[in-house]
Amino acid sequence: MTMSPHEVQAYVLTYLEALDCQIMERSPAHVTVKLSPEADKALTNRPYYWGFVERTGAPAETMSFTFIFDPESYQQAIEAAEAKAAEASPPVVPNPAGTNGVTNGSPQGEPPKETILGRYFGITPSLPQLGPGRILREEVVYGSRRLQQIFGAAREGGAFVNLFEQAAKRQLRATAPAVYEPWLGVCFKVEFACDLKREELHFLGISLRSGEIIEKFGTKLNRRDLSPRLAENMHVQTAKVSLFDAGAALESHLTNRLLELDYSWAEKAQERLDLELDVLDTYYEAVLREDTPEVESPGNVTSDTENVHSDRTPPAQLKKVVDIKNAKPIGADVELAAEAAVPIDSETDAEEEKAKQAVIDREAMKLQYETRRTEMIWQYEPKVKVTAISSGMFHLR
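All of these numbers come straight from a predicted model, not from anything done at the bench.

As a further point, take the packing of aromatic side chains. Inspection of the entire model under this criterion finds eleven aromatic pairs. For the ring pair Phe192 and Trp265, a centre distance of 6.0 Å and an interplane angle of 85° mean the geometry is edge-to-face. Here the residue Phe192 occupies a position in strand E6 (residues 178–193), and Trp265 occupies one in helix H10 (residues 264–288), the gap between them amounting to 73 residues. Under the relative-accessibility criterion, Phe192 is labelled buried at 4%. Accessibility expressed as a relative area gives 21% for Trp265, which makes it partly exposed. Centre to centre, the rings of Phe203 and Phe217 are 5.6 Å apart; their planes meet at 90°, and the pair counts as edge-to-face. Here the residue Phe203 occupies a position in strand E7 (residues 197–207), and Phe217 occupies one in helix H8 (residues 217–222), the gap between them amounting to 14 residues.

Now the structure itself:
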């Protein structure tokens, strides 16, 4: 699912107009808007500032944005406007008094503005504008962070509404008040998902007086003028059906409608899942069936070492050295040192390390197999998911 720049612009403008934002400039590629306090709280993430305003009662200064929906078209429009302005501006006339024969960046006949820094460092470029008068520029395209934030703010702010149908002018002058009938409307999103995906929206409404359920409830609302303010000379009837029972009735109605659909797509998805799992099981079965050397316990290694020492015959006692003055016979300590200097066979340690590494590799392969199988089931297994994305109380005549 994706959205074109035109659809993104229509959605964002609908959101901004619903929150009473001030549109200052608008084109097919962008819109410049001054946010309302409600929109500023939802989009700018300034809780400390708004906490200060609410505590002190200071006048609030909201931020301004230029939202760009088509960056290429907007850049072309900017370049065309700059070229047109350059053609309309008078050319710079050389002035011997200026640096390099021209004035210091000011038009002819207009003296440069004198500032405190300018007295010491010459004419300095102006600093960027900061504060409430600054207009931030952002690209709002499908998938951008700002558009996702607007989606979330609209979902949170419009999750539940309470609206009243506006009465005609003649009703305001009538002697008897008109009666409102309360309706509960819920918009359900139904997802049919496997390795493919399809979504549907079902907007259902139920009368809290009679229990009547209407499908395509949005069509009924589109023909009416709704407002969050209760009109004059109007009377709201008391509900006979509780909200809990009304919600359960809508869920039961939608479930019965979904049971009547064709689910041949789910059978085909299950067949694809079984095929993929067979291929996965065949591959990992061959890998995990390979022989792995067993790990020898430390006790076995010790016993083998002892056997090596027991089979080795002790060296014969060396005779006294002849013709060397002050020579002493070699004692038992020297014999033990010579015996300890004999290197132990390292093949046992190498085999043990190899066996341990093989066990670690085998466990990692098992974990990889379980992970791949879980991902395959999540991707291909057919499922139907129902979510209530918005709801509201509608008082209709």
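There is more to say after this.
Here we take up the pattern of salt bridges. Taken as a whole and assessed by the stated rule, the structure comprises 13 salt bridges. Residue Glu54 pairs with Lys41 through a salt bridge whose shortest N-O separation is 3.3 Å. Highlighted residues: Glu54 in helix H3 (residues 47–56) and Lys41 in helix H2 (residues 37–43), separated in sequence by 13 residues. Since its relative accessible area comes to 45%, Lys41 is described here as partly exposed. When the shortest N-O distance is used, the salt bridge between Glu138 and Arg146 registers 2.7 Å.

Scoring rules and cut-offs
- Residues numbered from 1 in each chain as written.
- Predicted model: local features only at pLDDT ≥ 70, side-chain atom pairs only at ≥ 80, totals over all residues.
- Heavy atoms only, no water.
- Phe/Tyr/Trp six-rings, centres within 6.5 Å; stacked < 30°, edge-to-face > 60°.
- Helix = DSSP H or I, 4+ residues; strand = E, 2+ residues; numbered from the N terminus.
- Buried < 20%, exposed > 50% of the residue type's maximum accessible area, 1.4 Å probe, protein only.
- Salt bridge = Lys/Arg side-chain N within 4 Å of Asp/Glu carboxyl O.

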